[in-house]
Amino acid sequence: MPLLFPATESFISPAVAAAVAPAYILRPLSSSDYAAGVLDVLKDLTTVGDISEDKFLAHFEFMKARPGEYFMVVFEKMETRKVVAVGTLLVERKFIHECGLVGHIEDIAVAKSEQGKHLGKHLIEALDHIGKASGCYKNILDCSPHNEKFYEKCGYTNGGFEMVSTTSKRRKDITNLNRSNGFDRLQHD
Ligand code: ACO
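Let me sum up the structure you'll find in this document. (Residues numbered from 1 in each chain as written. Predicted model: local features only at pLDDT ≥ 70, side-chain atom pairs only at ≥ 80, totals over all residues.)

## Considerations on the nonpolar core
Core analysis: the largest hydrophobic core is formed by 36 residues, its most contacted members being V73, F75, A85 and L123. When contributions to this core are tallied by element, the ones reaching two or more residues are α1 (14–20), β1 (24–28), α2 (38–42), β2 (70–77), β3 (82–93), β4 (101–110) and α5 (119–134). In contact with F75, not counting residues within four places along its chain, are V20, Y24, L26, V84, A85, L119 and L123. (Core = buried A, V, L, I, M, F, W, Y, C linked by C-beta atoms within 7 Å. Buried ≥ 20, exposed ≤ 12 C-beta atoms within 10 Å, placed from the backbone. Helix = DSSP H or I, 4+ residues; strand = E, 2+ residues; numbered from the N terminus. Contact = placed C-beta atoms within 7 Å.)

In C-alpha cells, the structure reads:
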C-alpha cells in the first residue's frame, strides 16, 4: 500500500498509535484511501466536489514528490477498514527565525459517527508529533469560533485574527454553500 510518507516512529506517534489501538490504526494517507472513503470524511468539514480517482492519485503523487512538506494522516477503523478521521500538517520553509519551519494544521475532520471519542484530539497530537519531528518551531491553524474550545483542549491558544481574501470563484462557492449548509462550516477552509 503506497504511503504518502514513511510510517516511521519519527512521523507516526507511538503514543497516539497505542492510544487508539486496537480499534483504529494511525497511519499516513495511502493511495488506496480513495476507496477507503477519505474524501467522504472531508465532506464532514466542507465541500469536496466531484473528484475522480485519477485526480485523487495525481494529487497524491504531487504531495508524495515533496518529502518533508505534506503530512496527511488518517485513522482507519479496523472493523470496517474505512478511514474515519483525517488531518494534514503542511511544513512551510521560512527565511525568518534562521530559516525556521512552521507547521500549518489543515483540514481536520472526524466522521460524524466517530466524533466525541477523542479521535480529533489524538489527530492533533499526531500532527504535533510530526511538527516536532520535522523541526517546526510552532504549529498554527485557523478555525471557527465554534471549534475554539476543542483546540484549547488540544493545548492551542487563540493567537489573533484570520484575514481572508477569496477569489471570485471561491466567493461564489461560499455563497452557494452558505445557502445550503449554514455559515458555521465555512470558517476554516
Ligand atoms: N466545542 C467544545 N468542546 C469540544 C468541541 C466543540 N466544538 N469539539 C470537541 N470538544 C471537546 C470534547 O468534548 C473533548 O473534551 P474532553 O477532553 O473534556 O472530553 C475534547 O474537545 C476532545 O474532543 P474529541 O472527542 O477529540 O473531538 P472529535 O473527535 O469529535 O473531533 C472535531 C473534533 C475535529 C472538531 C470534529 O467534531 C469534526 O470533525 N468536526 C467537523 C469538521 C471540523 O469542524 N473540523 C475542524 C476544522 S478546523 C481545521 O481544519 C484547522
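## Quick look at the sheet that holds β1
A sheet is described by the order of its strands in space; here 5 strands give the open sequence β1-β2-β3-β4-β5, paired in mixed fashion. Since the sheet does not close on itself, it has two edges, and those belong to β1 and β5 (136–140), each with one partner. This sheet shows a mean twist of 20 degrees between the axes of neighbouring strands, independent of strand direction. As defined by bridge partners, β4 adjoins β5 across 4 bridges and the pair is classed as parallel. Along β5, the bridge assignment pairs G103 with N139. (Pairing = 2+ DSSP bridges. Axes fitted to C-alpha atoms, helices over the stretch in contact; angles between N-to-C directions.)

## Section: the site of the ligand
Q115, G120, K121, K149 and F150 are the nearest of the 24 residues found near the ligand. The set of elements that each furnish at least two residues to the shell around the ligand consists of β4, α5 and α6 (148–153). Looking at the shell around the ligand element by element, the count peaks at 6 residues for β4. Taken together, the residues of the shell around the ligand sort by class into 9 nonpolar, 7 polar and 8 charged. (Near = placed C-beta within 6 Å. Nonpolar A, V, L, I, M, F, W, Y, C, P; charged D, E, K, R; others polar.)

## Some remarks on the environment of S32
Along the chain, S32 falls in the loop between β1 and α2. With 15 C-beta atoms counted inside 10 Å, the residue S32 sits in the partly exposed group. Here the alpha-carbon distance between S32 and L3, two residues 29 residues apart in the chain, equals 8.8 Å.

## Observations regarding the pairing of β4
Consecutive side chains along a regular strand alternate between the two faces of the sheet. By the bridge criterion, 8 bridges tie β3 to β4 in an arrangement that is antiparallel. Bridge pairing links V91 to G103 in β4. Since β4 and β5 lie parallel, the crossover through α5 that links them has a hand, and here it is right-handed. (Right-handed = clockwise from strand over helix to strand, strands pointing away.)

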